[in-house]
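# Breakdown of the fold
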Amino acid sequence: MSKHTPAQPKVRERRRRLYFRLMDLCLLAAALGTADFLRDDAFGWQPWSDDDPVYIAIGVPILFVSFIVGPVLVVTRSLRDEYAEQLWKRTVELLVNVLAIAPLVIILGTWAAYAAIGGEELPDALGFLNLQMNFWTSLVTAWQTFLLLFVGIFQFLRWRDSR
């Protein structure tokens, strides 16, 4: 008797589509979350308040997708088919390289900005580099950055494969 029944390919295809749709949703949430961060923290532009009901209605689902769905997609192997698993491995490999090099690039870029400006403070557009963060804020920021990079690299590799 065959190990694979006719229904299994359909289940695998549904699981594959679901995984990629959820990754698409994570990319959208990451893009909106990054835009919100840049709007508020990097550029200081606040067209609405953080307690505005519309802002909360949009922000809560974004946070849910970013903090719950994203990590589940990263760690749950059973949700991935063979192609998604290969993409996951390629993403991790590239992500490790990015995380090894990015801090050096940021440090050198900041030093270059200080040298070019010749002043004691960075301009407002680079003010986010001067953040003083406590442990928990640093932890959440690192986590968000990791997930953003993972989803972004995964989607980029998926897009590149489709070309």
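Going by the structure above, here's the rest.
Because the structure is a prediction, the values reported are computed rather than measured.

## Let's talk about the side chain of R158
Positionally, R158 belongs in helix α4 (residues 135-162). R158 has contacts with F20, R21, D24, Y83 and L87, leaving out every residue within four places of it along the chain.

## Points about the packing of helix α3 (residues 82-117) against α4
Taken N-terminus to C-terminus, the directions of α3 and α4 make an angle of 125°; their axes are 9 Å apart at the nearest point. Considering the angle they form, α3 stands oblique to α4. Considering only the axes of α3 and α4, their crossing is right-handed. Contacts from Y83, A84, L87, W88, R90, T91, V92, L94, L95, V98 and L99 of α3 reach α4 at F146, L149, F150, I153, F154, L157, R158, R160 and D161. Taken together, the residues of the contact of α3 with α4 break down into 15 nonpolar, one polar and four charged.

## Re the packing of aromatic side chains
Summed over the entire model, instances satisfying the criterion amount to 10 aromatic pairs. Pairing F146 with F150 gives two aromatic rings, centres 6.3 Å apart and planes at 35°, and the pair type is tilted. One end of the pair, F146, and the other, F150, are both in helix α4, four residues apart, so they sit about a helical turn from each other. An aromatic cluster is built from Y19, F20, Y83, W88, F146, F150 and F154, whose rings are joined through pairwise contacts.

## Here we look at the pattern of salt bridges
For the structure on display, the rule yields five salt bridges. Between R21 and D24 there is a salt bridge, with the nearest N and O atoms lying 3.1 Å from each other. One end of the pair is R21 and the other is D24, both in helix α1 (residues 7-42) and three residues apart, which spans about a single turn. Take D24: its relative accessible area is 30%, and that puts it in the partly exposed class. Notably, a salt bridge pairs D161 with R90, separated by 2.8 Å at the nearest N-O pair.

## Details of the nonpolar core
In terms of nonpolar packing, the biggest core is built from 20 residues, with Y19, F20, M23, C26, L73, F150 and F154 touching the most fellow members. Counting only elements with at least two residues in this core, the list comes to α1, α2 (53-75), α3 and α4. At six residues, α4 tops the list of elements feeding residues into this core. Filtering out sequence-adjacent residues up to four positions away, F20 remains in contact with Y83, A84, L87, F154 and R158.

## A word on the environment of L73
The residue L73 is located in helix α2 in this model. The class of L73 is buried, set by a relative accessible area of 1%. Look past the residues within four positions of L73 in its chain and what remains in contact with it is Y19, L22, M23, C26, L79 and R80.

What counts as what
- Residues numbered from 1 in each chain as written.
- Predicted model: local features only at pLDDT ≥ 70, side-chain atom pairs only at ≥ 80, totals over all residues.
- Heavy atoms only, no water.
- Helix = DSSP H or I, 4+ residues; strand = E, 2+ residues; numbered from the N terminus.
- Contact = heavy atoms within 4.5 Å.
- Axes fitted to C-alpha atoms, helices over the stretch in contact; angles between N-to-C directions.
- Parallel < 35°, antiparallel > 145°, perpendicular 65-115°, else oblique.
- Left-handed = near helix turned anticlockwise from the far one by under 90°.
- Nonpolar A, V, L, I, M, F, W, Y, C, P; charged D, E, K, R; others polar.
- Phe/Tyr/Trp six-rings, centres within 6.5 Å; stacked < 30°, edge-to-face > 60°.
- Salt bridge = Lys/Arg side-chain N within 4 Å of Asp/Glu carboxyl O.
- Buried < 20%, exposed > 50% of the residue type's maximum accessible area, 1.4 Å probe, protein only.
- Core = buried A, V, L, I, M, F, W, Y, C linked by side-chain atoms within 4.5 Å.

By themselves, these observations are geometric and do not establish any function.
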